[in-house]
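Summary of structural features
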Amino acid sequence: MRYTVFKIESELFGVDIHRVVEILNPRKYYKIPELPDFICGVINVRGDIIPVIDVRIRFGIAEKASKQRILLLRLEGDRIGLLVDDVTEIMEIPEGKISKPPKLFKGFRTEFIKGLGQGDGGDRVIIILDIEKVLSTEEKVKLKISKEKLKSPKSRNSSPRRSQRAQRKHNE
């Protein structure tokens, strides 16, 4: 299977390449109130509102990286962005070279980890993420509600001037 490999600090992580939509340079985030702190906001990508998860914060790594990328992924019929330090490569990891993670792995919560892949003849370990579990069901629902609020015509056309003009036109 092929994986898109990215870095967080000195660790290498992989996600199934079929989930990857594109890799973006960082851009302006728009904060949404009442979302978990690891969701740094939403970005606008060609008219689509996409939530961005700061993987460092999600994994409990406080300091920011000097270089960052946004890995745009498919998740349950929608798209999310992962803010990562860098995207390094596409790697083929045979199924037989992937093992189950130990209960505790270098401080990362194992519920996010699908397995540990051996790359480059076993010299490197790639932590394969289970993207479906990076967000809880409750967090996915909150995100969906927030995105719907941002898309609603009321929130986009709530300018008092616009509604006064529309009312005048309607009355003529």
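Calculation criteria
Residues numbered from 1 in each chain as written. Predicted model: local features only at pLDDT ≥ 70, side-chain atom pairs only at ≥ 80, totals over all residues. Heavy atoms only, no water. Helix = DSSP H or I, 4+ residues; strand = E, 2+ residues; numbered from the N terminus. Buried < 20%, exposed > 50% of the residue type's maximum accessible area, 1.4 Å probe, protein only. Contact = heavy atoms within 4.5 Å. Areas by Shrake-Rupley, 256 points an atom, 1.4 Å probe, with all protein chains shown as cover. Core = buried A, V, L, I, M, F, W, Y, C linked by side-chain atoms within 4.5 Å. Salt bridge = Lys/Arg side-chain N within 4 Å of Asp/Glu carboxyl O. Pairing = 2+ DSSP bridges. Axes fitted to C-alpha atoms, helices over the stretch in contact; angles between N-to-C directions. 1 Å grid on protein atoms, 1.4 Å probe; cavity = no way out; pocket = protein on both sides within 12 Å on 5 of 7 lines; lining within 4 Å. Points joined across faces, edges and corners; volume = space filled by probe spheres on them.

When you go through the protein residue by residue, the secondary structure sums to 4 helices and 13 strands. For the protein, buried positions account for 41% of its 172 residues. Considering only contacts in the protein between residues 6 or more positions apart, those separated by 24 or more positions represent 55%. Roughly 10500 Å² of accessible area belongs to the protein as shown, and the carbon and sulfur atoms make up 50% of that amount.

What follows covers the nonpolar core. Ranked by internal contacts, the top residues of the largest apolar core, which has 31 residues, are Phe6, Leu82 and Ile131. Of all elements in the fold, only strand S1 (2-8), strand S2 (11-16), strand S4 (39-45), strand S5 (48-54), strand S6 (69-75), strand S7 (78-84), strand S12 (113-119) and strand S13 (124-129) reach the threshold of two or more residues within this core. Not counting residues within four places of it along the chain, the set of residues in contact with Ile131 comprises Val15, Arg19, Leu73, Leu75, Ile80 and Leu82. Membership of the second largest hydrophobic core comes to 9 residues, among which are Leu24, Ile70, Leu72 and Leu83.

With that out of the way, let us pick up the pattern of salt bridges. This model, assessed by the stated rule, comprises 7 salt bridges. Taking the shortest distance from any N to any O, the salt bridge between Asp85 and Arg56 comes out at 2.8 Å. Remark: Arg56 occurs in helix H1 (residues 55-58) and Asp85 occurs in the loop between S7 and strand S8 (86-92); sequence separation between them is 29 residues. Classification of Asp85 as buried rests on a relative accessible area of 9%. The salt bridge involving Arg124 is made with Glu89; its shortest N-O contact spans 2.9 Å. Of the two residues, Arg124 is situated in strand S13 and Glu89 in strand S8; the sequence distance between them amounts to 35 residues. A residue is classified by how much of its surface remains accessible, and Glu89, at 25% relative accessible area, is partly exposed.

Once that is clear, we can look at the sheet that holds S7. If you walk across this open sheet you meet the 5 strands as S3-S6-S7-S5-S4, and the pairing is mixed. A strand with exactly one partner marks an edge of an open sheet, and here the two such strands are strand S3 (20-24) and S4. When strand polarity is set aside, the average angle formed by the axes of neighbouring strands in this sheet is 30 degrees.

Let us now look at the layout of surface pockets. Rolled over the atoms, a probe as big as a water molecule pinpoints where empty space is left. Volume-wise, the largest pocket comes out at about 230 Å³. Taken together, 12 residues form the lining of the largest pocket, with Leu75, Glu76, Asp78, Lys140 and Lys144 sitting closest to its centre. Elements with a contribution of two residues or more to the lining of the largest pocket: S7 and helix H2 (137-151). Among the elements that line the lining of the largest pocket, the one with the most residues is H2, at 5 residues.

Topologically, Asp48 is positioned in strand S5. Residue class for Asp48 comes out partly exposed when judged on its relative accessible area of 38%.

Read these as geometric descriptors, not functional statements.
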